[in-house]
Amino acid sequence: VDLDFETLAILKRGTNSKISINTLIKKKIFFENFNHPKSLIIFENTIKSYKPDVIYILNFKVMHKYIDIAKNTKKDIRVVLDVKTPCLFDDDDKQKLLKNNNNIIEKIDTILTLSKKSCETWFSKKDINSKIVVYPLTVKKTALTDKDNKIKIKKKEKKYTRLIYIGNLSIKRELKNIIEN
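The present account deals with the structure reproduced in this document. (Residues numbered from 1 in each chain as written. Predicted model: local features only at pLDDT ≥ 70, side-chain atom pairs only at ≥ 80, totals over all residues. Heavy atoms only, no water.)

## Digging into the overall build of the protein
Part 1 of the reasoning: Secondary structure assignment for the protein yields 5 helices and 7 strands.
Part 2 of the reasoning: N-terminal to C-terminal, the α/β element order of the protein is β-β-α-β-α-β-α-β-α-β-β-α.
Part 3 of the reasoning: The 181 residues of the protein split such that 47% are buried.
Part 4 of the reasoning: Contacts spanning at least 24 positions in sequence make up 63% of the contacts within the protein whose residues lie at least 6 apart. (Helix = DSSP H or I, 4+ residues; strand = E, 2+ residues; numbered from the N terminus. Buried < 20%, exposed > 50% of the residue type's maximum accessible area, 1.4 Å probe, protein only. Contact = heavy atoms within 4.5 Å.)

Structure below.
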């Protein structure tokens, strides 16, 4: 695939990197612990040096830190959050997580998800609905167009060329479709 899009992936150490999508990823950064202060500093420095147009991030416990750093470091970066699963943390952890996530809602441009109900477990504010785009379990290229003006990754006035992807590289993620579209 000859794409005019450069992708950097931030992955948990031990992620299987022997997959077909490897040819689309120009650079990989591996973290032992996404919540470690050193990982956050490396991420901030990566935003400064790589200057991505888009950050595509999967839901996880400290995603709010990465979204906050991305938007504070590069104001015009587009943040796409992909909520794959509902939040399953216990009550004490969940209240803190909801507070943290509610504080970064305005920094998220689009929330992709299989289910609005899953999104509601990660955010307690109801004003996220305007950011949510529900997609089917099997994503077809035609589903990722801007025809309804819901997916705000593509902009006519600017061509995006750099993406930071935070998530795993499983073939099931169909990262190739995300990058191409």
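Picking up after the structure, the text goes on.
## Some remarks on the nonpolar core
Nonpolar side chains tend toward joint burial in soluble globular proteins.
Part 1 of the reasoning: Core analysis: the biggest nonpolar cluster contains 34 residues, and Phe 43, Tyr 66, Ile 111 and Phe 123 have the highest contact counts within it.
Part 2 of the reasoning: Of all the elements in the fold, those that place two or more residues in this core are strand 1 (6-12), strand 2 (25-31), helix 1 (37-50), strand 3 (54-58), helix 2 (63-73), strand 4 (78-83) and helix 4 (116-122).
Part 3 of the reasoning: The greatest single-element share of this core, amounting to 5 residues, is contributed by helix 2.
Part 4 of the reasoning: Listed in part, the 10 residues of the second largest apolar core include Ala 9, Tyr 56, Leu 112 and Tyr 135. (Core = buried A, V, L, I, M, F, W, Y, C linked by side-chain atoms within 4.5 Å.)

## Quick look at the pattern of salt bridges
Part 1 of the reasoning: Per the stated rule, a full pass over the model turns up 7 salt bridges.
Part 2 of the reasoning: When the shortest N-O distance is used, the salt bridge between Lys 107 and Asp 68 registers 2.2 Å. Taken together, the positions of Lys 107 in the loop between helix 3 (91-102) and strand 5 (110-113) and Asp 68 in helix 2 put the pair 39 residues apart, joining distant regions of the chain.
Part 3 of the reasoning: Where Lys 74 meets Asp 76, a salt bridge forms, and the shortest distance between an N and an O atom there is 3.0 Å.
Part 4 of the reasoning: For Asp 76, a relative accessible area of 44% gives the class partly exposed. (Salt bridge = Lys/Arg side-chain N within 4 Å of Asp/Glu carboxyl O.)

## Focus: the packing of aromatic side chains
The geometry of an aromatic ring pair is captured by the separation of the ring centres together with the interplanar angle, meaning the angle of the planes.
Part 1 of the reasoning: Tallied over the entire structure, the rule returns 6 aromatic pairs.
Part 2 of the reasoning: Taken together, a centroid distance of 5.8 Å and an interplanar angle of 65 degrees make the contact between Phe 34 and Tyr 66 edge-to-face. Of the two residues, Phe 34 is situated in the loop between strand 2 and helix 1 and Tyr 66 in helix 2; the sequence distance between them amounts to 32 residues.
Part 3 of the reasoning: The class for Phe 34 is buried, based on a relative accessible area of 15%.
Part 4 of the reasoning: A connected cluster of aromatic rings, assembled from ring pairs, spans Phe 31, Phe 34, Phe 43, Phe 60 and Tyr 66. (Phe/Tyr/Trp six-rings, centres within 6.5 Å; stacked < 30°, edge-to-face > 60°.)

## Considerations on helix 1
Part 1 of the reasoning: With 14 residues, helix 1 ought to run about 20 Å at 1.5 Å a step, and its terminal C-alpha atoms sit 20 Å apart, in line with that.
Part 2 of the reasoning: Phi turns positive one or two residues past the end of helix 1, at Lys 51, with a value near 50 degrees. (Expected span 1.5 Å × (residues − 1).)

## Some words on the pairing of strand 5
Part 1 of the reasoning: Covered by surrounding structure in strand 5 are Thr 110 and Leu 112 together with Ile 111 and Thr 113, the residues of both alternating faces.
Part 2 of the reasoning: Two strands pair when backbone bridges link them, and strand 4 and strand 5 are joined in this way by 4 bridges, in the parallel orientation. Bridging across to strand 5, Leu 81 finds its partner in Ile 111.
Part 3 of the reasoning: Running through helix 3, the crossover from strand 4 to the neighbouring parallel element strand 5 is right-handed.
Part 4 of the reasoning: Of the strand pairs in this sheet, strand 5 and strand 6 (residues 132-134) are connected by 3 bridges, and their pairing is parallel. Across the sheet, residue Leu 112 finds its bridge partner in strand 6, namely Val 133. (Pairing = 2+ DSSP bridges. Right-handed = clockwise from strand over helix to strand, strands pointing away.)

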